[in-house]
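Letter by letter, the chains look like this.
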Amino acid sequence: MIIAIDGPTASGKGTVAAGVAKHFGLKRLDTGSLYRAVGLALLDARVDLADEARAVAAARALDLNAIDEARIRTSQAGAAASKVAAIPGVRAALLQAQRAFAADPAGAVLDGRDIGTVICPDAEVKLFVTASLQARARRRFGELRGRGEPVTFEQVEAQIAERDARDTNRTDAPLLKAADAHLLDTTDLSIEAAVEAALRIVEAARLRRGAT
Ligand code: DC
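Parameters at a glance
All chains use their own residue numbering, which begins from 1 and follows the written sequence. Two thresholds apply to this predicted model, a pLDDT of at least 70 for residue-level local features and 80 or more for giving and counting side-chain atom pairs, whereas whole-chain, interface and lining totals are computed over all residues. Side-chain metrics in this entry use all non-hydrogen atoms of the structure; hydrogen atoms and water are not considered. To qualify as a helix, a DSSP run of H or I must reach at least 4 residues; to qualify as a strand, a run of E must reach at least 2; elements of each kind are numbered from the N terminus. Computation of the radius of gyration draws on C-alpha atoms, with the globule rule given as 2.2 Å multiplied by the number of residues to the power 0.38. Working rule for contacts: check all heavy atoms of both residues, and any pair within 4.5 Å makes them a contact. Charge assignment in this entry is limited to Lys and Arg as positive and Asp and Glu as negative, and neither His nor the chain termini are counted. All charge positions are set by atom: Lys at NZ, Arg at CZ, Asp at CG, Glu at CD. Expected helix span is taken as 1.5 Å per residue step, with the number of steps being one fewer than the number of residues. Partly exposed describes any residue whose relative accessible area lies between the buried limit of under 20% and the exposed limit of over 50%, with all areas from a 1.4 Å probe on protein chains only and scaled to the type maximum. A molecule or strand has a residue near it when one of that residue's heavy atoms lies within 4 Å. For the purposes of these results, a polar contact is taken to be a pair of N or O atoms within 3.5 Å, where, inside protein, one atom must be able to donate a hydrogen and its partner to accept one; residues adjacent in sequence count only when each atom of the pair is a side-chain atom. Areas reported as accessible are Shrake-Rupley estimates using a 1.4 Å probe. Residue values count occlusion only from the protein chains shown. Gly falls in the polar group here, along with every residue not listed as nonpolar (Ala, Val, Leu, Ile, Met, Phe, Trp, Tyr, Cys, Pro) or charged (Asp, Glu, Lys, Arg). Any two of the Phe, Tyr and Trp rings considered here, Trp counted by its six-membered ring, make a pair once their centres fall within 6.5 Å; the pair's planes then place it as stacked at under 30 degrees, edge-to-face at over 60, or tilted in between. In our convention, an over-ring charge means Lys NZ or Arg CZ found within 6 Å of a ring centre and within 35 degrees of that ring's normal.

Trainee: How should I be thinking about the overall build of the protein chain in this particular structure?
Mentor: Counting secondary structure elements, the protein chain contains nine helices and five strands. Against the globule reference of 17 Å for 212 residues, the protein chain gives a C-alpha radius of gyration of 17 Å, in line with a compact fold. Considered along the principal axes of its C-alpha atoms, the protein chain spans approximately 55 × 35 × 30 Å. Contacts spanning at least 24 positions in sequence make up 77% of the contacts within the protein chain whose residues lie at least 6 apart. On the protein chain, the mean spot of the 29 positive side-chain charges and the mean spot of the 28 negative ones are 1 Å from each other.

Trainee: Just to check I follow, could you spell out helix α2 (residues 32–44) for this structure?
Mentor: Owing to its 3.6 residues per turn, the α-helix brings residues three or four apart onto one side. Given a rise of 1.5 Å per residue, 13 residues ought to cover 18 Å, and the 18 Å separating the end C-alpha atoms of α2 matches this to within 8%. All of the buried residues along α2 are S33, L34, Y35, R36, A37, V38, G39, L40 and L42. The inward-facing, buried residues of α2 abut β2 (27–30), α3 (52–61), α4 (75–84), α5 (88–102), α7 (133–146) and α8 (153–169). Remark: R46 follows α2 within two positions and exhibits a positive phi of approximately 55°.

Trainee: What is the right way to look at the site of the ligand in this model?
Mentor: Around the ligand, a shell composed of 16 residues is seen, among which R36, R91, R163, D167 and R170 lie nearest. R170 is positioned with one of its side-chain polar atoms (N or O) 2.8 Å from an oxygen atom of the ligand. In isolation the ligand has 440 Å² of accessible area, and contact with the protein removes 97% of it. Residue assignment for the shell around the ligand shows that the elements contributing at least two residues are α2, α4 and α8. Residue contributions to the shell around the ligand peak at three residues, all from α2. Each residue belonging to the shell around the ligand can be placed in one class, and the counts come to three nonpolar, five polar and eight charged.

Trainee: Looking at this structure, how should I read the packing of aromatic side chains?
Mentor: The description of an aromatic ring pair uses the distance of the two centres, along with the angle that the planes make with each other. What the rule picks out here adds up to one aromatic pair. Both rings, one in F141 and one in F153, keep their centres 5.9 Å apart while their planes meet at 85°; by these two values the pair is edge-to-face. With a gap of twelve residues between them, F141 in helix α7 and F153 in helix α8 connect regions that are remote in the sequence. Residue placement shows K27 over the ring face of F101; its charged tip is 4.0 Å from the ring centre.

Printed below as a string of structure tokens:
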């Protein structure tokens, strides 16, 4: 069973993906980490994030097993990820690794922006996880402050709005709810309630599939 989970930044999709993967004993790929790692590689090399050739080369050279989890989680790496993710050659370079991960016969959970629309359009279950801008900014602000990043709530809210606009308006594989994705709005949900709601959706979809 392939479960595709998409949604904007700080919507709770990562937490939901981790919870769903754990519940069903499936492996999970956080595809945002690939774009973050490419963005970080360019930042480290002090290369312009719009340098297409260097970005594509970094994407091609990416080793999924050597991603520095701690360093890709900064807001700087997130913003860089969103920029390199708009380069079609970068997306093309990362496509195969994502499809290969999803091809595991045991199934998999993948989360990102274009999983249900581009990477795994035939996924058995698709979820589109979202939340209001304010709720997402509150969560991200807490997270970044918890890690000691000196940001204000207003800065975080503006960064998220900017990222939403870039991810949604790019021409190649924009952030989009697949027509057959189930919408899960986590604005007023705790982490536990969001995971519970996702599990109910997946279970119901599995039952429907089993019945047909
Ligand atoms: O989910 P995240 O915040 O870690 O993602 C970082 C950026 O990567 C996001 O702003 C857009 C990009 N991304 C993408 O374009 N496609 C994906 N499947 C996942 C992430």
